[in-house]
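# Architecture at a glance
What follows is each chain in one-letter form.
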Amino acid sequence: MYSLESRRLTLGKGHGYAPRGFSVLVPALGEPIPGVGSLPNGNCRGHPFAELTPLVGKPGGGRSRCRRRTPRVPPDGAAGAERLRQEGTRGAGGDQGAEGGPLSVAGGGQVSAARTRPAGSCPGGGGGGAAEPRPGEEEQEEAAAGVRAAPRREMRLRPGPLLTALCLGAAFSLLWYAAWQGSRGNDFDMYQSQFLKLQQRLLHAEKENKRRSHELSSALDEIKRIVAKGMNLTTNHTDYMKWKMLNLTRKLPVHFTNVYYYLPHLREYEDALFPNVILGQQRTGVSLVMGIPTVKREKQHYLLNTLHSLLYELSEEQKNDCLIIILIAEVNAEYVNSVAESIKTSFPREIQSGVLEVISPPASYYPDLSNLKETLGDPQDRVRWRTKQNLDYSFLMLYAQPKGRLYLQLEDDIIAKPDYIQSIKNFAAKQSQEWMILEFSQLGFIGKLFKSQDLPLIVEFFLMFYKDKPVDWLLDHLLWVKVCNPEKDAIHCEKEKSKLRIRAKPSLFQHVGIHSSLAGKIQNLKDKDFGQNVLHKAHNNPPATVDTSLRVHQQYTLEKVYTGKDCFWASAPVAGDYISFTFLNPLKVEKYFFRSGNMEHPGDKLLNTTVEVLPADEMLRKELVRSGSKFNYPATKDGYLKIGAFEDGIAGGSINQSIGKIRAIRLSINSDSPVWAILSEVLIKTSEN
């Protein structure tokens with residue numbers, strides 16, 4: 001592209017385009033500059049050399065592609081030379097760059113001196129490197145040399161285009177940086193959104209896992225119940241399936257749904273308010289429901305004695321119209337099963353008939369009790385104990401509410417007076433005013449009778465403040481909220497509360513526990529209005545001599561119970577032991593009745609014991625020995641007829657008059673007993689008495 005007439009341009013110091021000695025080829029005069037011809041209006045910045053030497057175009061008139069000036073012919077002689085020198089320095093003030101070096105063209109013509117701006121005068125640049133040259137004057141070749149002179153043009157720096165380039169570059173850089181930052185921000189938002197979605201998925205998965213785990217646990221519990229049912233732990237199939245249908249609905253009555261506000265953790269556990277029914281027939285529609293919560297105690301247990309006392313002397317009619325619910329308020333399955341098994345062993349008939357029911361709460365019912373706020377000056381363990389107690393009472397009340405008309409709250413370490421059920425019904429029936437609580441004991445939460453329709457309100461109030469105060473205090477506060485006027489004095493308040501809380505005397509229940517369910521606590525609380533409990537029952541029995549092989553405890557002799565002065569109490573019997581009553585004269589006995597145990601020690605019963613009579617007729621006795629039976633009664637080897645046996649500590653019945661007169665009655669113990677024996681009532685009825 002370049003002709004042979006191209007010149008070599010050497011840049012001097014201070015022009016900023018190249019270091020000293022840097023040479024570039026410039027097209028010869030008349031040749032177009034490569035890459036410049038397409039630029040509009042002679043803008044020569046498109047070519048790397050155009051800004052260095054914006055010369056050229058074709059000689060001869062007209063405009064070229066790069067803007068140029070009309071060439072001047074220098075004058076001859078010294079005057080012409082001086083003129084050229086002056087023109088070369090015009091506008092520069094004699095300043096020739098940083099060092100004023102000359103600009104020369106190799107191979108011919110001479111450029112006098114390029115006019116430049118001072119170094120550092122261009123905005124944004126130091127030295128003269130950022131300056132832009134301005135086209136100079138073009139020179140003619142000298143005629144004497146016979147060749148064409150190289151064009152000479154003035155050169156000067158232009159700040160405008162470079163400043164524009166710098167601004168465009170800076171703007172592009174800022175836009176690129178903003179876009180990069182924006183992309184980073186967008187990436188961060190995207191990652192944050194994805195992380196939140198992942199977190200939500202994990203929470204959903206965890207919740208779903210808990211739900212499925214609970215369903216599996218429920219299925220396992222159902223399998224266990226079916227197996228237990230096969231082992232005769234529950235025998236009423238119809239009621240059992242009704243309960244399961246109720247349980248599977250997982251729906252609570254509307255007035256129970258407020259529980260979720262006070263125990264919000266229950267929202268995660270659908271079945272937390274449905275108890276594990278361990279024993280029972282799901283009896284409903286009774287007049288009286290009794291609730292007994294029980295927990296594990298470190299030393300002595302009173303539950304079985306309490307149940308014996310409550311069931312003592314109940315008639316069949318009373319048993320058919322009441323329900324006793326035992327809440328084993330523990331989550332340890334081994335302990336719960338052991339207590340349930342002991343109840344089943346001691347009261348098989350009551351479990352079978354449905355008068356006794358044993359339940360336990362799911363572990364998910366209880367919230368976290370490890371970090372409760374200490375109130376009323378109580379230490380952490382006592383606060384935890386009373387808080388759990390409030391939750392236990394609430395759970396038991398909610399379960400018992402739909403099962404009967406009245407609800408009686410009891411504890412697991414009490415004894416009851418004889419015929420307490422009839423006394424409660426009589427006292428409730430004679431109340432002429434509206435009542436909320438009938439009290440049959442002045443101690444704690446023992447013997448408190450409620451209407452079942454009031455239980456949802458009471459439970460809700462308990463749950464509002466279950467962390468704050470004991471249950472008996474909360475009950476008093478509930479009455480205060482209902483009837484007390486803050487503008488009146490305490491005497492008026494107590495008077496108003498007494499209209500809703502009515503006290504019955506004497507008390508029907510006595511507290512007998514010494515070792516509290518709170519570890520290490522000893523409490524000898526006694527209800528002074530309970531009075532002395534009758535521990536034996538006297539009858540007018542015929543004259544007889546008494547005898548026993550049992551070891552008598554202290555002053556509680558067999559003679560005292562037979563004569564109605566006290567009970568008979570002896571250490572644990574073994575197989576072969578006996579108690580006998582030999583009449584002074586043979587008698588025709590019509591009826592007999594024996595009761596073992598008493599109100600204070602209802603568990604000290606005669607177990608596996610038979611009632612035997614000895615006929616007065618000697619010939620009959622010999623016949624009994626030979627035949628082994630008579631009158632549908634089995635006979636013993638010594639001539640006694642077995643006419644009855646103890647069941648749940650009681651033996652009674654009529655005697656076949658065909659036997660004739662009887663010389664003696666004997667109680668024979670057929671196996672070792674794990675408990676002591678009390679005989680609290682002896683009745684032998686004859687035609688004479």
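Here is a short report on the structure shown in this document. (Residues numbered from 1 in each chain as written. Predicted model: local features only at pLDDT ≥ 70, side-chain atom pairs only at ≥ 80, totals over all residues. Heavy atoms only, no water.)

### Considerations on the sheet that holds strand 24 (residues 677-686)
Spatial strand order, 15-24-17-22: 4 strands in an open sheet with antiparallel pairing. The open sheet has two edge strands, strand 15 (568-570) and strand 22 (650-654), and neither has a second partner. When the angles between neighbouring strand axes are averaged without regard to direction, this sheet yields 20 degrees. Pairing analysis gives 3 bridges linking strand 15 to strand 24, with the strands arranged antiparallel. When the bridges of strand 24 are listed, Trp569 appears paired with Ile678. (Pairing = 2+ DSSP bridges. Helix = DSSP H or I, 4+ residues; strand = E, 2+ residues; numbered from the N terminus. Axes fitted to C-alpha atoms, helices over the stretch in contact; angles between N-to-C directions.)

### Re the packing of aromatic side chains
Throughout the structure, instances matching the rule amount to 14 aromatic pairs. With a centroid separation of 6.2 Å and 50 degrees between ring planes, the pair formed by Phe445 and Phe450 is classed as tilted. Under the relative-accessibility criterion, Phe445 is labelled buried at 2%. Both rings, one in Tyr592 and one in Phe594, keep their centres 6.2 Å apart while their planes meet at 40 degrees; by these two values the pair is tilted. (Phe/Tyr/Trp six-rings, centres within 6.5 Å; stacked < 30°, edge-to-face > 60°. Buried < 20%, exposed > 50% of the residue type's maximum accessible area, 1.4 Å probe, protein only.)

### Topic: helix 13 (residues 490-500)
All of the buried residues in helix 13 are Cys493, Glu496, Lys497 and Leu500. Each buried residue of helix 13 lies within a common arc of 100 degrees when the element is viewed along its axis, so the set occupies one face. Summarising the geometry of helix 13, the exposed residues directed more than 90 degrees from the buried face are Ile491 and Lys495. Those residues of helix 13 that are buried lie in contact with strand 10 (437-439), helix 12 (471-483) and strand 12 (501-503). (Arc of directions from axis to C-beta. Contact = heavy atoms within 4.5 Å.)

### Some details on helix 11 (residues 455-464)
Think of an α-helix as turning once every 3.6 residues; residues three or four places apart then point the same way. Across the 10 residues that make up helix 11, a large majority, 8, are buried. By the burial criterion, the buried members of helix 11 are Leu455, Pro456, Ile458, Val459, Glu460, Phe461, Phe462 and Leu463. On its buried face, helix 11 sits against helix 4 (259-262), helix 9 (380-400), strand 8 (404-409), strand 11 (448-451) and helix 12.

### Side note on the sheet that holds strand 21 (residues 641-645)
Taken in spatial order, the 5 strands make up an open sheet running 14-16-23-18-21, and their pairing is antiparallel. Across the chains shown, the open sheet's two edge strands, defined by having one partner strand only, are strand 14 (544-548) and strand 21. Direction aside, neighbouring strands of the sheet carry axes that sit 20 degrees apart on average. Direction of pairing for strand 18 (residues 609-615) relative to strand 23 (residues 662-669): antiparallel, over a ladder of 7 bridges. Paired with Val613 across the two strands is Ile665, which belongs to strand 23.

### Re the state of the cysteines
Counted by the stated rule, this structure contains 1 disulfide. Note on cysteine connectivity: Cys484 is disulfide-linked to Cys493, with sulfurs 1.8 Å apart. When the S-S torsion is 75 degrees, as for the bridge of Cys484 with Cys493, the disulfide is right-handed. The exposure class assigned to Cys484 is buried, which follows from its relative accessible area of 10%. (Disulfide = S-S within 2.5 Å.)

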